[in-house]
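Geometric and topological summary
Listed below, chain by chain, are the residues.
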Amino acid sequence: FDPTYTGIEAQDVTGIAVSVYPNPATTSVIFGFDETVLNTHDNLRITLVDMQGKRIHTEQVNTATTTIERNSIPAGIYFYVISSDKQELKSGKVIFR
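Computed from a predicted model, the values in this text were never measured in an experiment.

So, how was this worked out
- Residues numbered from 1 in each chain as written.
- Predicted model: local features only at pLDDT ≥ 70, side-chain atom pairs only at ≥ 80, totals over all residues.
- Heavy atoms only, no water.
- Helix = DSSP H or I, 4+ residues; strand = E, 2+ residues; numbered from the N terminus.
- Buried < 20%, exposed > 50% of the residue type's maximum accessible area, 1.4 Å probe, protein only.
- Contact = heavy atoms within 4.5 Å.
- Areas by Shrake-Rupley, 256 points an atom, 1.4 Å probe, with all protein chains shown as cover.
- pLDDT = per-residue confidence, 0-100.
- Polar contact = N/O pair within 3.5 Å; in protein donor to acceptor, adjacent residues only side chain to side chain.
- Lys, Arg positive; Asp, Glu negative; His and termini not counted.
- Salt bridge = Lys/Arg side-chain N within 4 Å of Asp/Glu carboxyl O.

1. Let's talk about the overall build of the protein chain
The helix and strand tally for the protein chain stands at one helix and seven strands. Mapped from its N terminus to its C terminus, the protein chain presents α and β elements in the order β-β-α-β-β-β-β-β. Residue burial in the protein chain is summarised as follows: out of 97 residues, 31% are buried. Residue pairs at least 24 apart in sequence account for 52% of intrachain contacts in the protein chain once pairs closer than 6 positions are excluded. Just so you have it, the protein chain exposes about 6,400 Å², and 49% of that area is on carbon and sulfur atoms.

Here it is in structure tokens:
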């Protein structure tokens, strides 16, 4: 038991590499994918979900760099889920200021 340990490390079971920047963001957030991810997964998409679990935005991924514009998304913490037709591939957190 280690009383200084304060978190849980997420395991990346799919092995896909995704860059999410800037994070925190003000006007947009960019998702960068390796070309092999695009070539091995069909119907790749990014979904933003708010803290209550409500889906607020879905973006289709067609290129190695996909930008999600903030537009009318309020400031706050959101979760992103990257998925394909067959499975959820990766998830994480995005902050809009």
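2. Thoughts on the confidence of the model for the protein chain
For the protein chain, the mean per-residue pLDDT works out to 87, and 85% of the residues sit at or above 70. Note on residues 5–11: pLDDT under 50 across the span, and zero contacts to partners over four residues away in sequence or across chains.

3. Here we look at the environment of Arg-70
Within the secondary structure layout, Arg-70 lies in the loop between β5 (65–69) and β6 (76–83). In this structure, Arg-70 is in contact with Thr-26, Thr-27, Ser-28, Ala-75, Phe-96 and Arg-97, ignoring residues within four places of it in sequence. In this structure the side chain of Arg-70 is engaged in a polar contact, spanning 3.1 Å, whose partner is the backbone oxygen of Thr-26. A polar contact of 2.3 Å, which involves the side chain of Arg-70, links it to the backbone oxygen of Arg-97.

4. Section: the side chain of Asp-50
By the secondary structure assignment, Asp-50 is in the loop between β3 (45–49) and β4 (55–60). Buried Asp-50, no salt bridge; nearest opposite-charge side chain is Lys-54, N-O distance 5.7 Å. Of note is the side chain of Asp-50, whose polar atom sits 3.0 Å from the backbone nitrogen of Gln-52. Those residues within four positions of Asp-50 in sequence are excluded, and the remaining contacts are Ile-56, Tyr-78 and Phe-79.

5. Comments concerning the side chain of Ser-28
By secondary structure assignment, the location of Ser-28 is in strand β2 (residues 28–33). For Ser-28, a relative accessible area of 16% corresponds to the buried category. Ignoring any residue separated from it by four or fewer positions in sequence, one finds Ser-28 in contact with Pro-22, Thr-67, Ile-68, Glu-69, Arg-70 and Phe-96.

6. Regarding unusual backbone geometry
The amide bond that connects Tyr-21 to the next residue, Pro-22, takes the cis arrangement and shows omega of -20 degrees. Mapped onto the elements, Pro-22 comes out in the loop between β1 (18–21) and β2. Not every positive phi belongs to a glycine, and Asn-43 is a case in point at roughly 55 degrees. Here Asn-43 lies in the loop between α1 (35–40) and β3.

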